[in-house]
Amino acid sequence: SAASIQVQIRPHYGEISVGASKFFICEVVGEVKIIDWFDPSGEKILPNRQDFSVSRTEDTSTLVIYKANMDNAGIYTCVAKDGEKEAQATVKVTIYQKITFQNAPSPQEFNEGDEADIVCDIISSPPPTIVWKYKGFTIQFSKDVRFRMLDNGHLQIRGIKKTDEGVYNCEARVAARGEIDYKKITVIVNVFPSVRARQAEVNATANVGASTVLACDADGFPDPVITWAHNGAVLESGDKYSLNEDGSELMIKDVKKVDEGEYTCTAKNKAGEKAQEVSLNVFVPPEITYLNNQTASEFQEHVTLTCEASGDPTPTISWSFANRIFTEGEQSMDRNIVVRSHARVSSLSLKDVQFTYAGQYLCTASNSIGQDQQALYLEVRYAPKILGVVTTYTWEGNPANVSCEVEAHPRASVLWFRDGLQLPNANTSNVKLHSSPGLSFLEVTPDFQSDFGSYNCTATNEMGTESKEFLLIQAEVPSVPDIKKVEPFSSTAMIHFKEPASVDGVPVLRYRLEWRIPGGDWTSREFRAEEDSTTFTIAGLKPETTYEVKMSAINGKGGGESSAATTFKTEPLREPRTPKLEARFHNRGNSFKVNWIKQDDGGSPIKHYLVRYRAIQGSVWKPEIRVPSSSDYVLLSGLDWNTDYEVLVVAENQQGKSLAGVLFFRTAAEPTSGPGSHPRSGKPPATPTGRYILLWALFCLFWCFVFIFLADCSSCCLQRCCSSLLPVAALRRTVGRRFCKKDESKEPIVEVRTEGGAASPAGGPTEPNETTPLTEAEFPFHPAHLDSFCYNFTNRPPSADVTLLPSAAANSVAENVSAA
């Protein structure tokens, strides 16, 4: 009857490491009522014991051994019963000790030169084989006798050095199980401190409230703690002393002579300590003890300035005034300035005093340890002296300031006179008086010729009086400018001129140019005068036509006479002049914006610009780009990094093509992309919100074009002529043209933009001149987001002025935008 029940235990063998847990499933085939587990001692295992757990399902029972220990090893039996029917199965459970690091502290510290015992205690069953590694290599004990592995597995280093410091691997292996584990142990080698004084002898200054610093530097590991002592007493931060953060600098405050002596700097760490002495010598700095201000009158016989000073060593005394230094002896050929010194006293004697002697004199006392400097003031009283420009230009109705600058001490009073009458007065309503210290001026607004002439300024103080005549002169309009040369082109002419020879102190504000066909009406234009600008350009001329040109200058008073007319003839209709090119980086280092400055159009409106470019190393020119005449630049994107490029730009009108404007530039080195950056640009990827907004804008833009097209072509559609063609010329004029390639292509992206964002009117582009603004209209979307859209619009010859796409291409555009 027992054969009718079958019992099987999974797994059939159990190996558990100490501290680990494991379960066994007893599976029974046949109907049974009881399934029991028995431990190795034959004792039935009850459910929910602390170290065991037994759970039963319909035909299985699970035994769990929690946190196994060595006592749990043995044979476990599963017994199934149903009345007299019984069957059983057994499983052998083996318990082993995994590799365990019982005592392997990190870090472990030693002093340099010690016999170091690096502790690494390991238990396992069976006992492990221990291997020591340093810097990734197994330590070869036979090659360095300083290294030895002890019987307990510790690593011994005799006479350990600082170079032995680092991370050691204590590695344990149990070959029977193929088990391996390791422990990283950081070894720190403490180094005996060394100490050295930055200066063995320090000089300090006493009795000036100054501080001095004694410093010593210490080495060792760990960083030593530095302390200072003087006369056997340890010094601490307080009112007299101050220590910096690491103690290497001792500041002695308010140094006195009693602070002189020996100071001991001691460095101490775990390995030991060392001391160094620093000597402090205290000296007394110079101090000026007597210095008095002096007062003198101009041309007085003489005045003596005296300075006394103390100090140790005895100081030397010098004098200075403005940028001049006076030393012992006679300072001038006329013997008017003499310096005499004796012991701690010095005198500066000034004879025949002049008003220019007034001011601040510095007395400087110096010795080997410092100097003291103080100022005294020599006050010189003198009669007024009138300075300033005597001539002022103006004209009727234009206010002018006639200035009288006065130097005097004491301060002078200033009066203005004309024809013996003081100004202002009741008869001079056009004269106002303004005064400030040292300056007085008349504001005169001439109404008549009689207002011009001489004005008298008289200054008076207690030392005397000074008068001076100032002239107010009527200014004239500018003289005639001289046209030196006319450089004609087909529709423009460049006028080179020489500025007027005389402007009577009144600057030229503008120049007026006038030109005409002989016998016709004059056309005029005014140009603002600019410094160093002697060239102006007139535009809108007819080709192969004779013109006369003259010019005049205008200042605040008015316009001067015109120069004699100069005749010139414009060139016949011809091809445009060579465009002038310039380039600069655009956004990224591999995108360049190439601008052209429009030159003379040859008398015929420019039809378009032709652009070609190539990488110089490659020598293969990219396909020619045709740019509308209203454009003034082209944007080249997606260029090769760190590459030299050549660009040619040709202007074309009805007469032909200009010579090519040539430009060379070099792209930047490719930047390193950081984490999360775009692989080419190095910029952070667009956020999902930004992409959704862009795609929605693209979708709306496309359907706007479709709506415009349907409205314009409704009659055509009724005749079924729109079923095959879709005009895109308006699209290209609105958003510009972009020549796009798929991502796998290495061709760069080219953008062409026009002034104002639209094509020029049918009348052709406006004639460029020196004031024509160069504007930029931004492309509606970033180029990187239009690839799929542009591909279908521009995968065609780029030279086509008006391109019609078949309806299939139009559908492809719609599909691409919808998919985006």
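Residues numbered from 1 in each chain as written. Predicted model: local features only at pLDDT ≥ 70, side-chain atom pairs only at ≥ 80, totals over all residues. Heavy atoms only, no water.

Caption draft 1: Region of the structure containing the overall build of the protein chain. Scanning the protein chain from N- to C-terminus turns up 5 helices and 62 strands. Burial status across the protein chain gives 40% buried among its 820 residues. Long-range pairs, those at least 24 residues apart, make up 63% of the contacts in the protein chain between residues at least 6 apart in sequence. Within the structure as shown, the protein chain displays about 44,200 Å² of accessible surface, and the carbon and sulfur contribution to it stands at 51%. (Helix = DSSP H or I, 4+ residues; strand = E, 2+ residues; numbered from the N terminus. Buried < 20%, exposed > 50% of the residue type's maximum accessible area, 1.4 Å probe, protein only. Contact = heavy atoms within 4.5 Å. Areas by Shrake-Rupley, 256 points an atom, 1.4 Å probe, with all protein chains shown as cover.)

Caption draft 2: How the structure looks around the confidence of the model for the protein chain. When pLDDT is averaged along the protein chain, the result is 81; 81% of the residues meet or exceed 70. Predicted confidence is poor over residues 674-690, with pLDDT under 50, and the contacts of this stretch with residues over four places away or in other chains come to 20 contacts. Scored below 50 in pLDDT, residues 711-820 shows 179 contacts in the model against residues more than four places distant or in partner chains. (pLDDT = per-residue confidence, 0-100.)

Caption draft 3: Structural view of the pattern of salt bridges. Tallied over the full model, the rule gives 28 salt bridges. Between lysine 44 and aspartate 36 there is a salt bridge; the shortest N-O distance is 3.5 Å. Looking at aspartate 36, the relative accessible area reads 16%, which means it is buried. A salt bridge links arginine 146 to aspartate 144; the shortest N-O distance between them is 3.7 Å. Overall, arginine 146 belongs to the buried group, its relative accessible area being 18%. Here the salt bridges do not stand alone but share partners, grouping Glu571, Arg574, Glu575 and Arg577 into one network. (Salt bridge = Lys/Arg side-chain N within 4 Å of Asp/Glu carboxyl O.)

Caption draft 4: Representation of the pairing of strand S42 (residues 453-461). In this structure, strand S38 (residues 413-418) lies alongside S42, joined through 5 bridges in antiparallel fashion. Across the sheet, leucine 415 pairs through a bridge with threonine 458, a residue of S42. Judged from the 9 bridges that link them, S42 and strand S43 (residues 464-474) form a sheet pairing that is antiparallel. Bridge pairing links tyrosine 455 to phenylalanine 470 in S43. Linking S42 to S43, which pair antiparallel, is a turn of 2 residues. (Pairing = 2+ DSSP bridges.)

Caption draft 5: Up close: a nonpolar patch on the surface. On the surface, Ile616, Val662 and Phe664 cluster together into a nonpolar patch covering about 270 Å² of accessible area. Looking at the element boundaries, phenylalanine 664 is found in strand S58 (residues 661-666). (Patch = residues over 30% accessible without salt bridge, like charges linked within 9 Å, V, L, I, M, F, W, Y side chains within 5 Å.)

Caption draft 6: Structural context of the packing of aromatic side chains. Counted according to the given criterion, the structure contains 14 aromatic pairs. A centroid spacing of 4.3 Å and a plane angle of 15° characterise the contact between tyrosine 134 and tyrosine 168, whose relative ring orientation is stacked. With tyrosine 134 in strand S13 (residues 129-134) and tyrosine 168 in strand S17 (residues 166-174), this residue pair connects regions lying 34 residues apart in the sequence. Of the two residues examined, tyrosine 134 and tyrosine 168, each falls in the buried class. Centre to centre, the rings of tryptophan 416 and phenylalanine 470 are 5.8 Å apart; their planes meet at 50°, and the pair counts as tilted. In this pair, tryptophan 416 is assigned in strand S38 and phenylalanine 470 in strand S43, connecting sequence segments 54 residues apart. Phenylalanine 470 sits in the buried class, given a relative accessible area of 0%. In this structure an aromatic cluster arises from ring pairing among Phe497, Tyr511, Phe527 and Phe536. Stacked on the ring of tyrosine 455, the Lys or Arg arginine 418 has its end atom at 4.6 Å from the ring centre. A cation sits over an aromatic face here: lysine 550 above tryptophan 522, 4.3 Å from the ring centre. (Phe/Tyr/Trp six-rings, centres within 6.5 Å; stacked < 30°, edge-to-face > 60°. Lys NZ or Arg CZ within 6 Å of the ring centre and 35° of its normal.)

Caption draft 7: Quick look at the state of the cysteines. Applying the stated criterion across every chain yields a total of 5 disulfides. Between cysteine 26 and cysteine 78 runs a disulfide, and the two sulfur atoms are separated by 1.9 Å. Around the S-S axis, the bridge from cysteine 26 to cysteine 78 shows a dihedral of about -85° and counts as left-handed. Of this pair, cysteine 26 sits in strand S3 (residues 22-29) while cysteine 78 sits in strand S7 (residues 74-82), and the two are 52 residues apart along the sequence. Look at cysteine 26 and you get buried, because its relative accessible area is 0%. Under the relative-accessibility criterion, cysteine 78 is labelled buried at 0%. Note on cysteine connectivity: cysteine 404 is disulfide-linked to cysteine 457, with sulfurs 2.0 Å apart. Judged by the sign of its S-S torsion, about -75°, the bond between cysteine 404 and cysteine 457 is left-handed. (Disulfide = S-S within 2.5 Å.)

Caption draft 8: Summary view of the environment of alanine 365. One can find alanine 365 in strand S34 (residues 359-367). Residue alanine 365 is classed as buried on the basis of its relative accessible area, which comes to 0%. Setting aside its immediate chain neighbours within four residues, alanine 365 contacts Pro286, Ile288, Ala309, Pro315, Thr316, Ile317, Gly370, Gln371 and Asp372.

Caption draft 9: How the structure looks around the sheet that holds strand S4 (residues 34-38). The strand order across the open sheet built from 4 strands is S2-S8-S7-S4, with neighbouring strands paired in mixed fashion. Bordering the open sheet on either side are strand S2 (13-17) and S4, each of which pairs with just one other strand. Averaged over all adjacent pairs, the angle separating strand axes in this sheet is 20°, with direction ignored. Sheet topology note: the S2/strand S8 (residues 85-96) ladder contains 5 bridges and is parallel. (Axes fitted to C-alpha atoms, helices over the stretch in contact; angles between N-to-C directions.)

Caption draft 10: Geometry of the nonpolar core. In terms of nonpolar packing, the biggest core is built from 24 residues, with Val7, Ile9, Cys26, Val28, Trp37, Ile65 and Tyr76 touching the most fellow members. Among the secondary structure elements, those contributing two or more residues to this core are strand S1 (6-10), S3, S4, strand S5 (52-56), strand S6 (60-65), S7 and S8. Element by element, the count of residues in this core is highest for S8, at 5 residues. In contact with cysteine 26, other than residues within four places in its own chain, are Val7, Gln8, Ile9, Ile35, Trp37, Asp59, Thr60, Ser61 and Cys78. (Core = buried A, V, L, I, M, F, W, Y, C linked by side-chain atoms within 4.5 Å.)

Caption draft 11: The sheet that holds S1, seen in detail. Strands sit in the order S1-S3-S6-S5 across an open sheet of 4 strands; the sheet is antiparallel. Two strands in the sheet have a free side with no partner beyond their single neighbour: S1 and S5. Here the average twist between neighbouring strands, direction ignored, is 15°.

Caption draft 12: Molecular detail of unusual backbone geometry. Across the junction of aspartate 312 and proline 313, the peptide omega takes the value 5°, indicating a cis bond. As for its position among the elements, proline 313 is in the loop between strand S28 (302-312) and strand S29 (316-321). A cis geometry characterises the amide bond from leucine 423 onward to proline 424, with omega recorded as -10°. Checked against the element boundaries, proline 424 lands in the loop between strand S39 (421-423) and strand S40 (431-436).

Caption draft 13: Focus on the side chain of histidine 154. Here histidine 154 lies in the loop between strand S15 (147-149) and strand S16 (155-157). You can call histidine 154 buried: its relative accessible area is 7%. Side-chain polar atoms of histidine 154 contact the side chain of aspartate 117, separated by 3.2 Å. In this structure the side chain of histidine 154 is engaged in a polar contact, spanning 2.6 Å, whose partner is the side chain of aspartate 121. (Polar contact = N/O pair within 3.5 Å; in protein donor to acceptor, adjacent residues only side chain to side chain.)

Caption draft 14: Representation of the side chain of glutamate 514 within the structure. For glutamate 514, the location among the structural elements is in strand S46 (residues 508-516). No salt bridge is formed by the buried glutamate 514; its nearest oppositely charged neighbour, lysine 550, is found at 4.3 Å. Residues within four places of glutamate 514 in sequence aside, it is in contact with Trp522, Thr523, Ser524, Glu548, Val549, Lys550 and Ser562. (Lys, Arg positive; Asp, Glu negative; His and termini not counted.)

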